[in-house]
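Chain residues, written in single-letter form:
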Amino acid sequence: QVQLVESGGGLVQPGGSLRLSCAASGRIFRLNAMGWYRQAPGQQRELVATTTRGGSITYADSVKGRFTVSRDNAKNTVYLQMNSLKPDDTAVYYCNAEVRESFRQGYSDYWGQGTQVTVSS
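Because the structure is predicted, anything quoted here is derived from the model rather than measured.

In this section: the side chain of Arg-66. Mapped onto the elements of the fold, Arg-66 is located in the loop between β6 (57-59) and β7 (67-72). Apart from residues no more than four positions distant in its own chain, Arg-66 is found in contact with Gln-81, Met-82, Asn-83, Ser-84, Leu-85, Lys-86 and Asp-89.

Turning our eyes to something else, we now look at the nonpolar core. Nonpolar side chains tend to gather and get buried jointly when the protein is soluble and globular. By size, the foremost hydrophobic cluster in this structure holds 28 residues, and its most contacted members are Leu-4, Trp-36, Val-48, Phe-67, Leu-80, Met-82 and Tyr-93. Counting residues per element, the ones that place at least two in this core are β1 (2-7), β3 (18-26), β4 (30-39), β5 (46-51), β7, β8 (77-82), β9 (91-100) and β11 (115-119). Here this core gets 5 residues from one element, more than from any other, and that element is β9. Setting aside residues up to four positions removed in sequence, Tyr-93 forms contacts with Glu-6, Leu-20, Trp-36, Tyr-37, Arg-38, Val-48, Phe-67, Leu-80, Met-82, Gly-114, Thr-115 and Val-117.

Attention now goes to the sheet that holds β3. Within the open sheet, the 4 strands sit side by side as β1-β3-β8-β7. Their pairing is antiparallel. The open sheet terminates on both sides in strands that have one partner only, identified here as β1 and β7. Looking at each pair of strands side by side, their axes are set apart by 15° on average, direction ignored. Bridging between β1 and β3 involves 6 bridges; their strand directions are antiparallel.

On to the packing of aromatic side chains, then. Across all of its chains, the model carries 2 aromatic pairs by this definition. When the ring of Tyr-37 is compared with that of Trp-111, the centres are 5.1 Å apart and the planes differ by 70°; the resulting orientation is edge-to-face. Placement of Tyr-37 in strand β4 and of Trp-111 in strand β10 (residues 107-111) is noted, with a sequence separation of 74 residues between them. Using a relative accessible area of 22% as the deciding quantity, one classes Tyr-37 as partly exposed.

Rules used in this analysis
- Residues numbered from 1 in each chain as written.
- Predicted model: local features only at pLDDT ≥ 70, side-chain atom pairs only at ≥ 80, totals over all residues.
- Heavy atoms only, no water.
- Helix = DSSP H or I, 4+ residues; strand = E, 2+ residues; numbered from the N terminus.
- Contact = heavy atoms within 4.5 Å.
- Core = buried A, V, L, I, M, F, W, Y, C linked by side-chain atoms within 4.5 Å.
- Buried < 20%, exposed > 50% of the residue type's maximum accessible area, 1.4 Å probe, protein only.
- Pairing = 2+ DSSP bridges.
- Axes fitted to C-alpha atoms, helices over the stretch in contact; angles between N-to-C directions.
- Phe/Tyr/Trp six-rings, centres within 6.5 Å; stacked < 30°, edge-to-face > 60°.

Dropping the structure here:
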């Protein structure tokens with residue numbers, strides 16, 4: 001099995017910054033894409049940012065220029081640096097990873113437990 005453990009959420013004022021981290025552990029043969037999604041109350045879960053093992057990055061239009069996703073392949077960890085935060089960024093942020101557990105298996109999606117980010121004055 002694979003576990004994704006997130007950290008770094010919290011309460012921040014508008015214009016502030018937070019950095020989220022997500023570490024993958026367990027039975028990992030290879031990690032492909034890692035990234036972040038978020039879900040606000042009453043809303044569907046949406047993509048925030050993802051990065052492939054090769055370094056290709058995708059951002060939601062709403063966070064471009066404010067958020068930066070990065071990863072450390074040696075540590076199986078993905079980060080999300082969030083700057084210039086707005087109240088609309090308030091949501092539960094979920095880490096996602098595509099994991100191959102063995103040579104004989106394909107990739108499966110795994111999710112973290114979620115971390116709350118609240119932007120409010």
